[in-house]
Amino acid sequence: MGVLENGAANSQNSSPTTTKPTKTSLSPDSMINLDQGDPTLFEPYWREMGDKCTVVIEGCDLMSYFSDMSSICWFLQPQLGDAIKRLHRVVGNAVTEDRHIVVGTGSTQLLMAALYALSSPADRHPGYKEQAEFLRSGLYKWEGDARAFEKDGPYIEVVTSPNNPDGAIREAVVSRGEGKLVYDLAYYWPQYTPITQPLDRDIMLFTFSKCTGHAGSRIGWALVKDKEVARKMTEYMQISSIGVSKESQIRAAKILGVLSEGCQHFRTVDSQNFFEYSHSVLKERWERLRNVVKNSKTFTLPKYPRDYCNFTGKYMDSNPAFAWLHSKEDIDWESRLREHRIIARSGERFGASPKYARISMFSPPEAFNLFLERFSAIIDNINGNVVA
């Protein structure tokens, strides 16, 4: 969760059977990269879907820049817009009625588009001059953790919920009259956290990569309440990339459609619901990691409250995409883990102490198993009063 101070203060606009996992060719002394959130652990499910997700695109297809000139986001493929709305209705995690959909190259580009839309003057027109200027934009600047923000004037607060890195459910902190909010909801899906309500926010960002695991397609979308904000977000896309790949959009629409079909047959005997499958995979990993950590005198993991999930119809635990590991020892644990050939991300990268480290739960099975083996050895050494 962070705050950006608006530099444009005078602007008037405000489970199937698991198949053989991908080979990782790890040796006992291989370096394990648990820094990145690359969700390839969901690959077995989609491999089993076979031709259900196949898309055929001929050489003469999708040649134009334009998709639907009647839409504010003129490069959004209509079938992707329909698939997004359908999935949110089925899962029940976000309100789509009376919302404008803006598609982007992942949610990172959409966040930049939202900041541009909420902070830029109204009289800009895309062109080469704007392409050069927006890369060195003075429209906003990073102000850090929202809990420490005390300045007066316009601001934009970015709320990530569930939060990265600790998986906690977050709400806005600053809550002042001149502020604007952007909600990053990349992990608000049933495999990570109970779906307690359909969220109704002015700007809500989602990403294909964390929803289904298809990070390589580089698709994200924003549900935007205000028409002018959606128009300016689209303007940002025009300046930065002149739209979003149609091939990726068509593939995403197909896969989201298959996902929605599986959800609508949820809890049937022949269920092939992706969220049920991915939740079970993450739950099993979290149980194994907690079993290792409970033997430690030094390390702790966050505890998450059980909550009722409207999607599954039962109480569920959270199984975040990352483990936020804390140590009582006053040591830089990113460096210490690297000594044991484990690459993690330091808490300092998130404004926290280096006694924290973020561990990705997305790694291939072989890498995750090797991580648990090495981490268990670290704990055994510490418990024996020998720091490895």
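Just above, that's the structure.
Just so it is clear, the model here is predicted, and its values are computed rather than measured.

1. Observations regarding the packing of helix α3 (residues 106-119) against helix α6 (residues 227-240)
(1) Moving on: Where α3 contacts α6, the axes come no closer than 8 Å and their chain directions differ by 120°. Classified by the interaxial angle, the pair formed by α3 and α6 is oblique. Relative to α6, the crossing made by α3 is right-handed. Along its contact with α3, which presents Q109, L110, M112, A113, A114, Y116, A117 and L118, the element α6 presents V229, K232, M233, E235, Y236, M237, I239 and S240.

2. What to know about the nonpolar core
(1) Moving on: One finds W46, W221, M233, L256, F275, F371 and F375 to be the most contacted residues of the largest nonpolar core, which totals 102 residues.
(2) Moving on: Excluding anything up to four places from it in sequence, M233 contacts V102, L110, A113, A114, A117, A222 and V224.

3. A short note on the environment of R285
(1) Moving on: Counting through the fold element by element, R285 comes out in helix α8 (residues 274-293).
(2) Moving on: Assessed through its relative accessible area of 4%, R285 is described here as buried.
(3) Moving on: Expressed as a C-alpha distance, the spacing of R285 and F368, which sit 83 residues apart in the sequence, is 8.4 Å.
(4) Moving on: Other than its neighbours up to four places away in sequence, R285 contacts L41, M361, F362, S363, P364, P365 and F368.
(5) Moving on: Looking at R285, its side chain comes within polar contact range of the main-chain oxygen of M361, at 3.0 Å.

4. A word on the layout of surface pockets
Over the atoms a probe the size of a water molecule is rolled, and this reveals where empty space is left.
(1) Moving on: Looking at the largest pocket, its volume works out to about 1100 Å³.
(2) Moving on: If you trace the largest pocket, you find 40 residues lining it, with T160, N164, P165, F350 and R358 closest to the centre.
(3) Moving on: Those elements that provide at least two residues to the lining of the largest pocket are β1 (2-6), α3, β4 (140-145), β5 (155-160), β7 (203-207), α5 (208-212), β12 (322-327) and β15 (356-360).
(4) Moving on: Top contributing element to the lining of the largest pocket by residue count: α3, with six residues.

5. Here we look at the packing of α8 against helix α10 (residues 365-383)
(1) Moving on: At their nearest, the axes of α8 and α10 sit 10 Å apart, and the two run at 15° to each other. As the angle between them shows, α8 and α10 are arranged roughly parallel. Crossing handedness for the pair α8 and α10: right-handed. Side by side, α8 and α10 meet where R285, R288, L289, V292 and V293 of the first sit next to P365, F368, N369, F371, L372, F375, S376 and I379 of the second.

The rules behind each value
- Per-chain numbering applies: the sequence of each chain, read as written, is numbered from 1 onward.
- Local features in this predicted model are restricted to residues whose pLDDT is 70 or higher, and side-chain atom pairs enter the listing and the counts only when it is 80 or higher, whereas totals over whole chains, interfaces and linings include all residues.
- Hydrogens and waters are ignored; side-chain quantities use all the structure's heavy atoms.
- Note on method: axes are straight lines fitted to C-alpha atoms, helices fitted across the in-contact stretch only, with angles between N-to-C directions ranging 0 to 180 degrees.
- We count a stretch as a helix when DSSP gives it H or I for four or more residues in a row; a strand needs E for two or more, and each element gets its number in order from the N terminus.
- Any angle between 65 and 115 degrees counts as roughly perpendicular, while under 35 counts as roughly parallel, over 145 as roughly antiparallel, and the rest as oblique.
- By definition, turning the near helix anticlockwise from the far helix through less than a right angle yields a left-handed crossing, and turning it clockwise yields a right-handed one.
- In this analysis, two residues are considered to be in contact whenever any of their non-hydrogen atoms come within 4.5 Å of each other.
- Note on terminology: a nonpolar core comprises buried Ala, Val, Leu, Ile, Met, Phe, Trp, Tyr and Cys residues joined through side-chain atoms within 4.5 Å.
- A simple rule labels every residue: compare its accessible area, found with a 1.4 Å probe on the protein chains alone, to the largest value its type can have, and call it buried under 20%, exposed over 50%, or partly exposed in between.
- Polar contact is the term for a pair of N or O atoms within 3.5 Å; when the atoms are in protein, one must be able to donate a hydrogen and the other to accept it, and sequence-neighboring residues count only if both atoms are side-chain atoms.
- Within this scheme a cavity is a closed region of a 1 Å grid, computed over the protein atoms alone, that accommodates a 1.4 Å probe without allowing it to escape, whereas a pocket is open but has protein on both sides within 12 Å along at least five of seven lines; lining residues each have an atom within 4 Å of a point.
- Grid points are joined across faces, edges and corners, and a volume is the space filled by probe spheres set on the points.

Purely geometric numbers; function is a separate question.
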